[in-house]
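Each chain, letter by letter, is given below.
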Amino acid sequence: MVKVTVCGAAGGIGQPLSLLLKLNPQVSELALFDIVNAKGVAADLSHICTPAVVNGYQPANKEDKTAIVDALKGSDLVVIPAGVPRKPGMTRADLFNINASIIRDLVANIGRTAPNAAILIISNPVNATVPIAAEVLKKLGVFNPRKLFGVTTLDSVRAETFLGELIDVAPTSLKGKISVIGGHSGDTIVPLINVNSDIASKVNKLSKSQYEKFINRVQFGGDEVVKAKNGAGSATLSMAYAGYRFAEGVLDSLAGKPTSTTTVPDSSYIYLPGVPGGKELASKSLKNVDFFSVPVVLENGQIKSFINPFESLKVTDDEKKLVETALGGLESSIKQGSSFVQGSK
Ligand code: APR
């Protein structure tokens, strides 16, 4: 029996993500929360003939605090794509003030109502919204760093697709052969190509400019979507797919299925000092930046361990330079997130 709650379920990401979750046979209850249209989306999805019972929760008015509590009660996994999307000319950082308050308030409700749930944060800027969530949970005394995840899977999905095109192999064969570490915005995103794998010879044939274009496209791939949508928002369908891919890993781990050991698992943006070996990684290789995306091994809905990229993935000098650049951006986003909560009542 697994209950999953989606906060922001009626949005561009929330709807397709909820559809994918409805198709997962391990989900017994799917609670859809949104400030608008949650009941409509729930009614629609509830007609699909899969086991999950779907319920929609939306506040009757601004003062109504019961809908969110009912949506969260007994939840094992909460996925959050609530917020406003990026419009042309807006950076992910521009979203900060609006989405920061939304995340702060939703996570406070999770901390009070479903303190044992795993929390997957999609709302941008992830580099800062995850530290906000951590700070809120700490204040409430219920922070479990093994259960707080910033979803960065879209960067891996893009890396697999774009590298597949470049070296002419099926992108589906690249899962686990590229790890994306760091953060989830621009040059904080660091793709690492696993040269221990069978793609090494093809990757080694890439010119420097091809490699640099590939890195740039993974880092700024979101802009292609923002531009093509021309005012209608940012990535939704690919983000829903990516969010689901990570959520499915969490659901598998709740069902006792081990994270695949044949490939490097997907990364997630986590609070490193909260997991064994994380503090050492942060101090030795990351200038004490303590939120960072690394490949995570899951067990029973939480992080069992992570893979230290500097020990396992043969990080090249070029890749080390990318990490160096990423650390600057991450440090300021983390500070921005933590101060936002510390400055709140
Ligand atoms: N609680 C619950 N839902 C909320 C709240 C809130 N406090 N505030 C906004 N929402 C809902 C909106 O009603 C909407 O249905 O969140 C949904 C967001 O959907 P869209 O506006 O379509 O945005 P989307 O493209 O899905 O992106 C959402 O994810 O990737 C990030 O950058 C993106 O931060 C943005 C978020």
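Residues numbered from 1 in each chain as written. Predicted model: local features only at pLDDT ≥ 70, side-chain atom pairs only at ≥ 80, totals over all residues. Heavy atoms only, no water.

## Some words on the confidence of the model for the chain
A low pLDDT score tells you not to read the predicted coordinates there in detail.
Phase 1: Confidence in the prediction for the chain averages 94 pLDDT; 97% of positions are at 70 or higher.
Phase 2: For this predicted complex, the interface confidence reaches an ipTM of 0.99, while the overall pTM sits at 0.97. (pLDDT = per-residue confidence, 0-100.)

## Here's the deal with the environment of Gln 219
Phase 1: In this structure, Gln 219 sits in helix α8 (residues 208-229).
Phase 2: The class of Gln 219 is buried, set by a relative accessible area of 9%.
Phase 3: Taking C-alpha positions, Gln 219 is 31 Å from Lys 138, a pair spaced 81 residues apart along the chain.
Phase 4: Once you skip the residues sitting within four places of it in the chain, Gln 219 turns out to touch Gly 186, Asp 187, Ile 189 and Leu 322.
Phase 5: A polar contact is formed between the side chain of Gln 219 and the backbone oxygen of Ile 189, at a distance of 2.8 Å. (Helix = DSSP H or I, 4+ residues; strand = E, 2+ residues; numbered from the N terminus. Buried < 20%, exposed > 50% of the residue type's maximum accessible area, 1.4 Å probe, protein only. Contact = heavy atoms within 4.5 Å. Polar contact = N/O pair within 3.5 Å; in protein donor to acceptor, adjacent residues only side chain to side chain.)

## Considerations on the UniProt feature "binding site: substrate" (unreviewed entry) in the chain
Phase 1: The feature "binding site: substrate" (unreviewed entry), as annotated in UniProt, sits at Arg 86, Arg 92, Asn 124 and Arg 158 in this numbering.
Phase 2: Mapping Asn 124 onto the fold places it in the loop between β5 (118-121) and α5 (126-140).
Phase 3: Judged by relative accessible area, Asn 124 falls into the buried class, the value being 17%.
Phase 4: With respect to the helices and strands, Arg 158 occurs in helix α6 (residues 153-167). (UniProt positions renumbered as here; feature names shortened; annotations may be inferred.)

## Details of helix α12 (residues 317-342)
Phase 1: The terminal C-alpha atoms of α12 lie 37 Å apart, and with 26 residues this matches the ideal 38 Å at 1.5 Å per residue to within 8%.
Phase 2: Within α12, the full set of buried residues consists of Glu 319, Leu 322, Val 323, Ala 326, Leu 327, Leu 330, Ser 333, Ile 334, Gly 337, Ser 338, Phe 340 and Val 341. (Expected span 1.5 Å × (residues − 1).)

## Digging into the site of the ligand
Phase 1: Near the ligand you find 21 residues, and of these Gly 12, Ile 13, Asp 34, Asn 99 and Asn 124 are the closest.
Phase 2: Note that an oxygen atom of the ligand is positioned 3.2 Å from one of the backbone N or O atoms of Val 84.
Phase 3: Looking at the shell around the ligand residue by residue, the classes come out as 12 nonpolar, 8 polar and 1 charged. (Near = heavy atom within 4 Å. Nonpolar A, V, L, I, M, F, W, Y, C, P; charged D, E, K, R; others polar.)

## Notes on the UniProt feature "active site" (unreviewed entry) in the chain
Phase 1: Under the UniProt annotation, the feature "active site" (unreviewed entry) is placed at His 184.
Phase 2: Turning to its location among the elements, His 184 is positioned in the loop between β7 (178-182) and β8 (189-193).

## Observations concerning the side chain of Ser 123
Phase 1: Checked against the element boundaries, Ser 123 lands in the loop between β5 and α5.
Phase 2: Judged by relative accessible area, which is 5%, Ser 123 ranks as buried.
Phase 3: A distance of 2.5 Å separates a polar atom in the side chain of Ser 123 from the backbone oxygen of Ala 82.
Phase 4: Setting aside residues no more than four positions away along its own chain, Ser 123 makes contact with Ile 80, Pro 81, Ala 82, Ile 103 and Thr 129.

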